[in-house]
Amino acid sequence: MNQLNSIILEGNITRDVVFKETPHGCKVCTIPLAVNRWYKSGDGRGVEEVSYFDVEAFGKMAEYCEKRVTKGRGLRVVGRLKQNRWKGADGKNVSRITIIAEHIEFKPQVGQRANSDAELAGIAEATAASAEEFDRMDMEETAVF
C-alpha cells in the first residue's frame with residue numbers, strides 16, 4: 001500500500017526552463033520554482049523566507065509547459081516528492097529531492113484574467129495524459145540527467 005506523498009506549491013519561475021527527452025523519447029521539463037513565505041520574527045519585524053525547488057513534468061504535461069512556461073510566471077503545482085540517489089565523483093552518496101508534477105496551473109499575469117476555459121481544458125487534458133504516461137513509464141527514466 002502506498003503511503004501519502006503529496007505536495008502543493010505556488011511560486012514563480014526563477015529562470016529559463018530546461019527541456020529534454022529521455023532515451024525512450026518521453027519529453028521532460030525541469031522548472032525552477034521559488035516559493036516565498038512571510039512571517040514575523042521574535043522582535044516583530046517582517047521576514048521573507050525563499051525556498052527553491054526543481055519541478056519535473058513529463059510527457060504531455062512537459063509539452064504543455066513548453067508552450068506556456070516563461071521566467072517570472074506564477075505557477076501552482078500539485079505533485080509528489082521524489083528522492084534521487086547516486087554516488088558522487090568522490091564516491092560519497094549524494095541525494096536530491098525533486099517535485100514530480102501531477103497537475104500544473106499557471107497563475108494569471110498582471111492585467112490578465114484567470115485561466116480561460118480553453119486553458120483549463122488544456123491543463124486537464126495534460127494532467128490526465130501525463131498521469132497515464134507516467135504510470136506506464138519505467139522509473140529509471142525519472143533519474144537525474
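Below is a short write-up of the structure. Predicted, not measured: the structure shown is a model, and the values here were computed from it. Residue numbering note: each chain is counted from 1, following its sequence as written. Given that the model is predicted, a residue must reach a pLDDT of at least 70 before its local features are reported, and side-chain atom pairs must reach 80 or more before they are shown or counted; all residues, however, enter totals for whole chains, interfaces and linings. The side-chain figures draw on all heavy atoms in the structure; neither hydrogens nor water molecules are used.

For the rest of this paragraph, the subject is the overall build of the protein. The helix and strand inventory of the protein stands at two helices and six strands. Secondary structure elements follow DSSP: runs of H or I of four or more residues count as helices, runs of E of two or more count as strands, with numbering from the N terminus. Reading the helices (α) and strands (β) of the protein from amino to carboxyl end gives β-β-β-β-α-β-β-α. For every residue, the accessible area (1.4 Å probe, protein chains only) is compared with the maximum for its type, and the residue is labelled buried under 20%, exposed over 50%, or partly exposed between those bounds. Taken over 145 residues, the protein has a buried fraction of 34%. Note on contacts: a residue pair qualifies if any of its non-hydrogen atoms lie within 4.5 Å across the two residues. For the protein, restricting intrachain contacts to residue pairs at least 6 apart in sequence, the fraction spanning at least 24 positions comes to 61%. The method behind every accessible area is Shrake-Rupley, applied with a 1.4 Å probe, and residues are considered shielded solely by the protein chains displayed. Carbon and sulfur atoms form 49% of the exposed surface of the protein, whose accessible area is close to 9400 Å².

This part covers the pattern of salt bridges. What counts as a salt bridge is simple: a side-chain nitrogen of Lys or Arg found within 4 Å of a carboxyl oxygen of Asp or Glu. Per the counting criterion, the structure on display carries nine salt bridges. Salt-bridge contacts for Arg96 lead to Asp54; the nearest nitrogen and oxygen are separated by 3.7 Å. Here Arg96, found in strand β6 (residues 93-106), pairs with Asp54, found in strand β4 (residues 46-58); they are 42 residues apart in sequence, far enough to count as distant. Exposure remark for Arg96: the relative accessible area of 27% places this residue in the partly exposed category. Across the pair Glu105 and Arg76 runs a salt bridge whose closest N-O atoms are separated by 3.2 Å. Note that Glu105 is positioned in strand β6 and Arg76 in strand β5 (residues 74-87), a separation of 29 residues in sequence. Judged by relative accessible area, Arg76 falls into the partly exposed class, the value being 33%. Through salt bridges with shared partners, one network takes in Glu10, Arg76, Glu105 and Lys107.

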